Structures are given as structure tokens and as C-alpha cells.
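Examination of the molecular architecture
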Amino acid sequence: MSAASRVKALRPDWEVTVFEKSRWVSHAPCGIPFFVGGAVEKFDDLCAYDIEYFRRERGIDVHTGAKVVEVDDGILRVEEKGKETTYEWDKLLFATGSKAVKLDVEGEDLEGVIYVDDIENAERVKMEAMKVDNVVVVGSGYIGVEMADAITRLGKKVTVIEVMERPLPEYDAEIAAIIKSEMEKCMDLKLSEKVTAFEGKDRVERVITNKGEYPCELAIVAVGVVPNTDLAKGLVELGVEGAIKTNSRMETSRENIYAAGDCAESINVVTGKEDWIPLAAPANKMGYVAGVNMAGFEMHYPGSLKSQLTGFRNIEIGKAGLSENEAIRQGYEVVSTFITSRTSARYLPGGLIHLKVVADRKGKLLGLQAVGKDVAMRVYAASALLYKNGDVKDLFFTDFPYYPPVSRVWDPLVVAARNVFRKLGMP
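The paragraphs below set out a description of the structure included in this document.

The rules we used
- Residues numbered from 1 in each chain as written.
- Predicted model: local features only at pLDDT ≥ 70, side-chain atom pairs only at ≥ 80, totals over all residues.
- Heavy atoms only, no water.
- Helix = DSSP H or I, 4+ residues; strand = E, 2+ residues; numbered from the N terminus.
- Rg over C-alpha atoms; globule rule 2.2 N^0.38 Å.
- Buried < 20%, exposed > 50% of the residue type's maximum accessible area, 1.4 Å probe, protein only.
- Areas by Shrake-Rupley, 256 points an atom, 1.4 Å probe, with all protein chains shown as cover.
- Lys, Arg positive; Asp, Glu negative; His and termini not counted.
- Charge placed at Lys NZ, Arg CZ, Asp CG, Glu CD.
- 1 Å grid on protein atoms, 1.4 Å probe; cavity = no way out; pocket = protein on both sides within 12 Å on 5 of 7 lines; lining within 4 Å.
- Points joined across faces, edges and corners; volume = space filled by probe spheres on them.
- Nonpolar A, V, L, I, M, F, W, Y, C, P; charged D, E, K, R; others polar.
- Salt bridge = Lys/Arg side-chain N within 4 Å of Asp/Glu carboxyl O.
- Contact = heavy atoms within 4.5 Å.
- Pairing = 2+ DSSP bridges.
- Axes fitted to C-alpha atoms, helices over the stretch in contact; angles between N-to-C directions.

In terms of regular secondary structure, the chain is built from 11 helices and 24 strands. Radius of gyration (C-alpha) of the chain: 23 Å, near the 22 Å computed for a compact globule of 427 residues. Considering only C-alpha atoms, the chain reaches an extent of 70 × 60 × 40 Å along its principal axes. When each of the 427 residues of the chain is scored for burial, the buried share is 49%. For the chain, the accessible surface area stands at approximately 20400 Å², while carbon and sulfur atoms represent 49% of it. Seen as two clouds, the 55 positive and the 65 negative side-chain charges of the chain have centres 6 Å apart.

We now examine the layout of surface pockets. Any empty space left between atoms is shown by rolling a water-sized probe over those atoms. Within this model, the second largest pocket holds a volume of roughly 220 Å³. If you go around the second largest pocket, you meet 15 residues; those closest to its centre are Phe-34, Glu-146, Asp-149, Arg-153 and Gly-311. Where the lining of the second largest pocket is concerned, the elements lending two or more residues are helix H2 (32–36), helix H5 (142–152) and strand E20 (308–312). With 4 residues, the single largest contributor to the lining of the second largest pocket is E20. Grouping the amino acids of the lining of the second largest pocket by side-chain chemistry returns 7 nonpolar, 4 polar and 4 charged.

With that settled, consider the pattern of salt bridges. Scanning all chains against the criterion turns up 24 salt bridges. Between Glu-174 and Lys-356 there is a salt bridge, with the nearest N and O atoms lying 3.1 Å from each other. Placement of the pair is Glu-174 in helix H6 (residues 173–183) and Lys-356 in strand E23 (residues 352–360), with a sequence separation of 182 residues. The class for Glu-174 is partly exposed, based on a relative accessible area of 29%. Connected through salt bridges with shared partners, the residues Asp-172, Glu-174, Glu-324 and Lys-356 form a single ionic network.

Looking at where Thr-64 falls in the secondary structure, it is placed in strand E2 (residues 61–64). As for Thr-64 and Trp-24, which are separated by 40 residues in sequence, their C-alpha atoms are 6.8 Å apart. Once residues lying within four places of it in the same chain are set aside, the contact partners of Thr-64 are Glu-20, Ser-22, Arg-23, Val-25 and Ile-51.

Across 4 bridges, strand E12 (residues 195–199) lies against strand E13 (residues 206–209) in antiparallel orientation. Paired with Phe-198 across the bridge in E13 is Val-207. The turn linking E12 back onto E13 is made up of 6 residues. The sheet contact formed by E13 and strand E14 (residues 213–215) spans 3 bridges and is antiparallel. Each bridged residue has a counterpart across the sheet, and for Arg-206 the counterpart in E14 is Pro-215. Counting the residues between successive antiparallel strands, the hairpin from E13 to E14 contains 3 residues.

Below, the discussion takes up H5. Most of H5 is tucked away, with 10 of its 11 residues classed as buried. All of the buried residues in H5 are Tyr-142, Gly-144, Val-145, Glu-146, Met-147, Ala-148, Asp-149, Ala-150, Ile-151 and Thr-152.

With that settled, the discussion passes to the sheet that holds strand E11 (residues 188–191). Taken in spatial order, the 5 strands make up an open sheet running E8-E15-E9-E10-E11, and their pairing is parallel. At either end of the open sheet lies a strand with only one pairing partner, and these are strand E8 (113–115) and E11. Each strand axis lies, on average, 20 degrees off the axis of its neighbour in the sheet, ignoring direction. As judged from the 5 bridges shared by strand E9 (residues 134–138) and strand E10 (residues 157–162), these two strands associate in the parallel manner. Looking at E10, one finds that Val-138 is bridged to Ile-161. In the packing of H5 onto the sheet, contacts are made with E9, E10 and strand E15 (218–221), and the angle to E10 comes to roughly 170 degrees.

Here it is, written out as C-alpha cells:
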């Protein structure tokens, strides 16, 4: 919808048509856990705009319940209202997003096993969760952690099963250890376990892993996503992780075909390499850039940092750029520091922030991770510096404002930078 809106704004006389297989457009799947946990009361609040708004106010011809089944040169075929219709196109955008990774194990089609891959599942998950006592969440990435948090807020017994050795595996061990400790206070966390089957007569009754079995009446599976490129395969070139290969104008390998969002690759700002970064903020900007260029103007998408924020209970969790493990895999010679600090002046009540900064041996800033209180503001600051290729000196000398309730004279970011100085042999 970002692309369609931009095209229509720049070329109001052009015919712009959007095909969407679900009942909604411009929706917020990232809000599903907050609806399930009760922070969002009405499901409709997850939709930023209704369809009539786009039709009436922006002049976009929106087709919902319309599944595109084939795309070819200049035409596409769509199943809608029980029949197949053919449409013509001059410029085409793929914005098909991502889809859930399946476990491919016995019993995953049982009633009560739900993949969190579609906003249409939000109401179903909440309705099912309200009726049961024991819930298993498979996977502890962002969606898994947020869904587990939401279900415990409903007063249910939750078991989280993660195949890796720590929750939120993208984070380094120091940060993940704190998240693990918080999760274990209100749920049963099973790490380094692989789900091998779901069992039950007509409905799921237990989850089987390589180490044991766990009773459950509802299993929520969130083990990751892959680019949804089924329509694009064979038509345009695919790139990293199977996402659609694009340039900075969001153009694909075929003239007049563009791609944006979770189905498309982009550039990782820190590494300068092609990457697949399926996150909401980059997706919307990629759509904006695609729309500008489809309309015949010029704009380039510089890439993304993988800046991320989430939370669990009363702690914030955030990351920007590379973790230490990611940096090492990219070939960097890494220097890092991990600190624990208060976020407020010592004479005021406040909380702790645990923060890790990663740099290379030349002092280039590579990434930041944090967990605790007032994390978001530090991730925002680090993101701005990383985007401009900042180094550890920039992190130290940036004039972060001092306000005793939420920040200190020596901000945790500054303290961390000073610690990196020492490891780099700087005075």
C-alpha cells in the first residue's frame, strides 16, 4: 500500500490496482501478540486504514479476497469471487511478504496446531487460547517470545520449546542469558530441543521432542519465515535467502517489475552486502521507494540495519546492526564490551540496562544489543550512528541529553564506548 499510495500521489491520472488475498490491507501483523494478550481490545484496531479509505481518498482500486495465481508478461490471472479473471499491467510490484517456515513433522495438521503466519490467525489464536489451560509455543524468536508473553498474560501455563541453545538466538549469549532468566520466571523454557511430532486423536494433546513430551491443548508454531516468492519464481531473478533480487531502485531483473518488503532483498548498511531483512519499517520504506520509481521519478533505497525492538513482561529488548557472532561470521576482527548500568541518576528510582557494543579493530561501530529499562532510546541512537557509518569515538562524543529520571551524565552508551577505547588501546 505504501507503493500504491506513492504512485497515485505522483501520478493521479494513472490506474493503480492492488490485489490482496486476505480481507484486509494495511494491517499490522506485528500487533497480533498484543491483541492476543489483551493490550489491544478490538481486532479491527490492527488495521491502520479500511479498504474504502484507499478507494475513496486515494483512488486506488483495491481487490480483497483476490488471489493472484499466475503472473506473466503484461498480464496476471486472479481468482476472485469464485472465478478467474485476467488483468493487464504496464508496471508490476511484488509485495507478497514472507510466509511461515513449516516444521514438516507428523501431526502438524492436527486441530490446535497454529502457525502465526497470517493476521487472520489473530482472532483464532486468542479464541483458542481462552478455552485451554496448557499452551506450547514452538520457537523463541521475536514472535515466539511475544506470543509466549501474551499467553501467560491470559493466565495460561506456557511451555516454550527452542531448538537453539538460547532464546532470541540472533542475540549474543550475555543478552540472551538475561532474557532466559526473565522467561523462566513465568513459563517452562526448554532449550536445545527439537520438535519431532504432534500427537492427539482429533486435536493436539502433546508435543514430542528429541528429549521428551509435553501435554498441550494448543500449540503455536513460530519458527521463522521465508520470502514468499512463489509467484515470482521463474519470472525474475532470486537473490540471498531466496528473496527477489533488487537494485537500489527496487527494480528486479525484469524491466518494469519491482519488488519491495519481506519478499525482496536489500543492502545491509553495516556490511554493504546484499541481505534479506524481513522487518516492518524497512518494508514500508522499500515500498515508498518502489512507488516513486514506478511513477517515473528517482529515489534510491540505501538499505537497512536490522534495527529491532521487542519486549517481555517489564523489560525492553533491542538490537541494531550486527551481534558479535554475526560480525565474526562476516569476517570482522571484533572488539566488544558488555556493561550493566543504571538508566537514571543514582538519587532517583530507576532500572538497569544491560548493553553490549560491538566494533571492529579500527573502531568502526558494528552493532548494539540491549535488554532492560529504557532500551529503545539507546537503540534509536545507535541506529542513527550505524546508518552514518559511525565509529566508537562518535558513540562517545555524541551529545546525548542528560535528564536524571531516564539518562545519566555518563550515559550507558558513553560508558560502553569508553570501555571499547581501552580494548583498542586508546587513552
